Structures are given as C-alpha cells and as structure tokens.
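What follows is each chain in one-letter form.
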Amino acid sequence: MEAVVALERDAQLMLRVREGDDTSFGLLLERHRGPMVHFLYRMVQNQAVSEELAQEVFLRVYRSRETYEPTAKFTTWLFRIATHVALNSIRDRKKEKGHESLDEEMLDGMERQVADRQQTVEQEMVHEVKLREVRQAIEALPAKQRAAVLMHKYEGLDYAQIAGVLSCSESAIKSLLFRAYEALRGRLAHMA
Amino acid sequence: MICLSRNEQGAELLSSYLAKTLDAARTAELDRHIRECADCRGLAMVWERLDEFAVPEVTPGFDARLYARIAREEARVLGWRKWLWRPVAPLAAAAAVVAAVLIVHPFGSPDAAKQASKTEIEQVAQAVDDLDLLTPIDR
Ligand SMILES: [Zn+2]
C-alpha cells in the first residue's frame, strides 16, 4: 500500500522536474540519496566510488527529465540505472587494478567506523573479522547475484521489482536469489 | 513441506518470517522446521549476519557536488544548443551519426569488428546520448 503511494509521489515529482521545477528534483534527491549511495556502497565497497556513482545516477535522472514518462516504477528505474553504472564500474576497476586495493580502502573505512564506537579491543576485533567475512562473501558473488541480494536484503525490493531492474522474469530472479543465498550460506553459516 | 533451502520462495519466506509478517500458522510451521533443519537454520543465520554490513553516512558535500556537476553539464548543453541554432544543425547531426556508425563498424575484417569490445559499444551509446543533446529543443 505504502509502495503505491511512494510510486505516485516519485512519478509526480519527476513530472514536475520535467516541467522545469528543480525543487522537485531536490525532493527526489532527498528521498533516494541514502538508498542509492548505500546500495552502491555495498556493490563496490568503497565510499568515494559509491558516491561518485550515485551522482552519476542522479545526473542521468536529471538528464532524462525532458523525456521522462512514468511507465515503470520510479524506484525500479533508479535501481536499473544504479545497477548499470555499478556493473560498468566493477568491470572497469577489475581491468585497472585487481580488487585487493578495494579491500584495503574498505578496511580503512571500517577501522575508522569501528574506532568511533567505544568498544573494547576484543569486541572490536571480533566485529572486524565478522564484518570482513560478510563483505567478502558478498563481494565473491557474481555481480548480478550481488545486485539482486543487495536490493532484496537491504533495499526492500520484491521479486517483481528486482526482475524489472535486471530485465529478467520473476522466476529467473527467484532462482538467482536462491543460488545467491545458498552461496552465502555456504560461506557464512559455518562461521557464526 | 516448507524447507526454505529447498524452495525458490525461500528468501522471500524467510524475510517475512524474520520480519514476523507471516500468519500464525505459517510462523509456527517454520519455527518447528527451523529447529529441525540445519540448512534452514544456516539460512536464517546468514540473513542475520548480513545485517552486520553497515554503511557509512553520505558525506555532507554530496548534494553540492551533484549540483555543481549538473550546472557544468547544463552550461555545456546550452553551449551546444546555441551553436546548433543555425542552419548547419542537421548536417552536424548527420556527421555525428556517420561518425558513430564508423565506430561500430570499423573498416577491417569481420573478426576485428566482432572483437569490438563493449567499450566501443558504450562509446557509441555515449555518442547517441550526445546526439540527444543535438536536438534543438529551445522552447
Ligand atoms: Zn529446511
């Protein structure tokens, strides 16, 4: 029920952007900035890159305003653009420099975050190790499975929406997610 | 039989189960099953472990950086449109199309053309994007 209301609100805002109302673009940005950056962060596991990519997404939305038609759900469209830019970025970065460096950048950010909270050294270490396992398990998924899991687990998209984002049938998404969660179970369940 | 790890709806069922939105009968059935099934316990555990993957706050300058990029792009587009507001516009567009086609079909063996990587396809997509900008829209 809530989703329907959200859809209409987003589409209305976007139609106003099409008519030249930049305030509405600001409202759309306000509503979707967090989910976009967070989705992209978990996709590429690097904060600077995720923000850069999220800007690319919103830039494309703005660029498309004059031809926008509310045919698909706005969120689906947004995640479609985000997945596209993320997959391109992952491919390019793999070409450029192997993904070890990704890990290092991630660890930096993670260590800072952990240090911010006042935990004992021991808790910190346990937390760090567990977080690293989760990150690596997600990173080990094929990119499309990774995108599907992130949308499903963290962004609350249902099978139909994810199917729309990835241009697959719903049943294809079901088995994609099934395989992905099975892979995660294989990697994570034994080390809880 | 409700085993999540043998059911393609498993992920959906599990998320509803953990969010406690399943009806009482299903919840009870799953409670019982998860106690007996190690695979499903594993799946439930994975679901909870994924919650550990926290995300950092969006940095404060995010919107300002975005609006600066938009402004730069707007300025560029305005420049294009001004330049195109001349009789040569259709010619320029045609030349751009020819250029784009040449990128996809470089002269050479069909094999070489086949090897044209995704990068080239993207360059064309970019060129097509730019073509969109070539359409005079001043209203
Ligand atoms: Zn089971």
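Residues numbered from 1 in each chain as written. Chains lettered and ligands numbered in written order. Predicted model: local features only at pLDDT ≥ 70, side-chain atom pairs only at ≥ 80, totals over all residues. Heavy atoms only, no water.

## Some details on the packing of helix α6 (residues 121-139) of chain A against helix α9 (residues 170-188) of chain A
Packed helices, taken two at a time, are described by the angle their axes make and the gap between the axes. Residues and elements named next belong to chain A. Between α6 and α9, the least distance of the axes is 10 Å, while the angle of their chain directions is 145°. The handedness of the crossing between α6 and α9 is right-handed. Residues E133, V134, Q136, A137 and I138 of α6 form the contact with α9, whose own contacting residues are L184, R187 and L188. (Axes fitted to C-alpha atoms, helices over the stretch in contact; angles between N-to-C directions. Helix = DSSP H or I, 4+ residues; strand = E, 2+ residues; numbered from the N terminus. Left-handed = near helix turned anticlockwise from the far one by under 90°. Contact = heavy atoms within 4.5 Å.)

## Overview of the interface of chain A and chain B
Where the parts come together, the accessible area they lose is often given as the size of the interface. In this complex, chain A contributes 49 residues to the contact, which on the side of chain B involves 42 residues. Taken over both partners, the interface formed by chain A and chain B buries close to 4400 Å², and the fraction arising from carbon and sulfur atoms is 58%. Its largest share of buried area at the contact with chain B, chain A owes to Q55, K153 and R185 of chain A, together 15% of the area lost on that side. On inspection of chain A and its partner chain B, the count reaches nine salt bridges. The tally of links between chain A and chain B comes to 17 residue pairs in polar contact (both at pLDDT 80 or more). Counting residues per element, the ones that place at least two in the side of chain A that touches chain B are α2 (22-44), α3 (47-63), α4 (74-97), α6, α7 (143-153) and α9 of chain A. For the side of chain A that touches chain B, the element with the most residues is α3 of chain A, which contributes ten residues. (Buried area = accessible area lost by both parts, 1.4 Å probe. Salt bridge = Lys/Arg side-chain N within 4 Å of Asp/Glu carboxyl O. Polar contact = N/O pair within 3.5 Å; in protein donor to acceptor, adjacent residues only side chain to side chain.)

## Structural notes on the domain arrangement of chain A
Residues and elements named next belong to chain A. Parsing chain A into structural domains produces domain 1 (1-97), domain 2 (99-138) and domain 3 (141-192). Across the boundary between the two partners, domain 2 contributes six residues, which contact nine residues of domain 3. Both sides of the domain 2 and domain 3 interface together cover about 650 Å² of buried area, and 66% of this is carbon and sulfur. Linking domain 2 to domain 3 there are zero salt bridges. Linking domain 2 to domain 3 there are one residue pair in polar contact (both at pLDDT 80 or more). Residue composition of the side of domain 2 that touches domain 3, grouped by class: three nonpolar, one polar and two charged. (Domains from an automatic or database assignment. Nonpolar A, V, L, I, M, F, W, Y, C, P; charged D, E, K, R; others polar.)

## Notes on the coordination of the zinc ion
Residues and elements named next belong to chain B. Taken together, C3 (SG), H33 (NE2), C37 (SG) and C40 (SG) make up the protein donors of the zinc ion, found 2.1 to 2.3 Å from the metal. One can describe the site at the zinc ion as tetrahedral: its four donor atoms subtend angles covering 101 to 117° at the metal. Read in sequence order, the donor residues coordinating the zinc ion give the pattern C-x29-H-x3-C-x2-C. Summarising the burial analysis for this pair, C37 and C40 share the class buried. (Donors = N, O, S within 2.8 Å, 3.2 Å for Na, K, Ca; no water. Tetrahedral: all angles 85-135°; square planar, octahedral: opposite > 155°, others 65-115°. Buried < 20%, exposed > 50% of the residue type's maximum accessible area, 1.4 Å probe, protein only.)

## What about the side chain of T83 of chain A?
All names here are of chain A. Among the structural elements, T83 can be located in helix α4. Judged by its relative accessible area of 3%, T83 falls in the buried class. Every residue in contact with T83, bar those within four places of it in the chain, is listed here: F39, A147, M151, V165 and L166.

## A short note on α3 of chain A
All names here are of chain A. The end-to-end C-alpha separation of α3 is 24 Å, in line with the 24 Å expected for 17 residues at 1.5 Å each. For α3, the set of buried residues is V49, S50, E51, L53, A54, Q55, E56, V57, F58, L59, V61 and Y62. If you check the start of α3, you find a side-chain oxygen 3.0 Å away from the backbone N of A48, and it comes from N46. (Expected span 1.5 Å × (residues − 1).)

## Describing the nonpolar core
Counting residues in hydrophobic clusters, the biggest one holds 77 residues, and the most contacted among them are F39, L40, M151, Y181 and L184 of chain A together with L50 of chain B. Examining the composition of this core, we find that ten residues originate from one element, α2 of chain A, more than from any other. The residues contacting L40 of chain A, other than those within four sequence positions of it, are Q45, S50, L53, A54, V57, A82, V85 and A86 of chain A. (Core = buried A, V, L, I, M, F, W, Y, C linked by side-chain atoms within 4.5 Å.)

## What to know about unusual backbone geometry
Residues and elements named next belong to chain A. A positive phi angle, near 55°, is found at Q45, a position not held by glycine. Tracing the backbone shows Q45 in the loop between α2 and α3. Phi is positive for S167, which is not a glycine, with a value near 50°.

## What about the pattern of salt bridges?
Summed over all chains, the structure comprises 17 salt bridges over all chains. A salt bridge links D63 of chain B to R33 of chain A; its shortest N-O distance comes to 2.7 Å. Placement of the pair is D63 of chain B in helix α4 (residues 62-84) and R33 of chain A in helix α2, with the two residues belonging to separate chains. Here E182 of chain A makes a salt bridge to R185 of chain A, at a shortest N to O gap of 2.6 Å. Placement of both E182 of chain A and R185 of chain A in helix α9 is noted, with a separation of three residues, approximately one turn of the helix. Judged by its relative accessible area of 23%, E182 of chain A is partly exposed. A single network of salt bridges, built from pairs that share partners, joins E52, E56 and R60 of chain A together with R69 of chain B.

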